Amino acid sequence: MSVSNWALRAAALLAALLLGAIIMGGTAFAADDIEQKAQICAACHGANGVPVNNTTPVIWGQDEGYLYLQLRDFKSGMRKNPLMEPIAAQLEKSDMFALAAYFKKKAWPDLKQPPAPDDVAAKAESAAKSIGCRGCHLDHFQGDGSTARLAGQWQPYLLNTMMAFRDGSRGNNPGMSDLMKATPADDLEALSKYLAGLQIDAYLGHGR
């Protein structure tokens, strides 16, 4: 078994054990301390902000409104994920707001993904202009409020997400689905590589 497959299975097992504790006893989510509640998230999203595999998104430093909306959509079933749906089902609205605020204050981790080659970057920039990505995700793809930060996110996660919008398996943003369906798959792959390699925090003055 490869290291990545081992990490994925280990993370899934840990998440399942934690979820079992929530369902059977509820002790983690009964706690008042948000730090304790956040430990459930760390099982897959990483105790240091680096997720255990590259198909799980970074949530440290992600935009607060976006995090809240995703938790809300997992709870309602508008966004599908076999691990996240039952976890979100245990959350009250106040928990979602508190967790979103907690993770927003964390430093976005450096995943050490390389910048895209010039030809890939040029293709990605052309696609981004055609789609109008910066209209919502802002000039440096940092996102804002309810719009996700894309810069520096895991490349496989970005591509999987774009393709999920494209094929309709992620349905909690119809506007994104329309844009992804109108964009060639190879453009989306270039865009995912370009976004993943962006290092923007020092430039934006975050000191991270």
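Residues numbered from 1 in each chain as written. Predicted model: local features only at pLDDT ≥ 70, side-chain atom pairs only at ≥ 80, totals over all residues. Heavy atoms only, no water.

A. Local environment of the pattern of salt bridges. All chains considered together, the criterion is met by 9 salt bridges. Its salt-bridge partner being aspartate 73, residue arginine 72 comes within 3.0 Å of it at the nearest N-O pair. For arginine 149, the salt bridge identified is with aspartate 201, shortest N-O distance 2.9 Å. Residue arginine 149 is located in the loop between α8 (134-137) and α9 (155-167), and its partner aspartate 201 is located in helix α12 (residues 201-204); the two are separated by 52 residues in the primary sequence. With respect to class, arginine 149 is no different from aspartate 201; both count as buried. (Salt bridge = Lys/Arg side-chain N within 4 Å of Asp/Glu carboxyl O. Helix = DSSP H or I, 4+ residues; strand = E, 2+ residues; numbered from the N terminus. Buried < 20%, exposed > 50% of the residue type's maximum accessible area, 1.4 Å probe, protein only.)

B. Structural detail: the packing of α9 against helix α11 (residues 185-196). Closest axis-to-axis distance for the α9/α11 pair is 8 Å, and the angle between their directions is 145°. Between α9 and α11 the crossing geometry is right-handed. Counting all contacts with α9, which are made through Gln155, Leu158, Leu159, Met162, Met163 and Arg166, the residues of α11 involved are Ala185, Leu188, Glu189, Leu191, Ser192, Lys193, Leu195 and Ala196. Class assignment of the residues belonging to the contact of α9 with α11 gives a composition of 9 nonpolar, 2 polar and 3 charged. (Axes fitted to C-alpha atoms, helices over the stretch in contact; angles between N-to-C directions. Left-handed = near helix turned anticlockwise from the far one by under 90°. Contact = heavy atoms within 4.5 Å. Nonpolar A, V, L, I, M, F, W, Y, C, P; charged D, E, K, R; others polar.)

C. Main features of the environment of leucine 111. In this fold, leucine 111 is placed in the loop between α6 (93-104) and α7 (118-131). In this structure, the C-alpha to C-alpha distance between leucine 111 and valine 58, residues 53 residues apart in sequence, is 9.3 Å. The residues touching leucine 111, leaving out its near neighbours within four places in the chain, are Val50, Val58, Gly152, Gln153 and Trp154.

D. Looking closely at helix α3 (residues 34-45). The first and last C-alpha atoms of α3 sit 16 Å apart over 12 residues, in line with the 16 Å expected at 1.5 Å per residue. Among all positions of α3, only Lys37, Ala38, Ile40, Cys41, Ala42, Ala43, Cys44 and His45 are buried. Remark: glycine 46 follows α3 within two positions and exhibits a positive phi of approximately 95°. (Expected span 1.5 Å × (residues − 1).)

E. Layout of the environment of glycine 145. Within the fold, glycine 145 resides in the loop between α8 and α9. Sequence separation of glycine 145 and tyrosine 68 is 77 residues, and the distance between their C-alpha atoms is 9.9 Å. Beyond its immediate chain neighbours, meaning those up to four positions away, glycine 145 contacts Asp63, Glu64, Gly65 and Tyr66.

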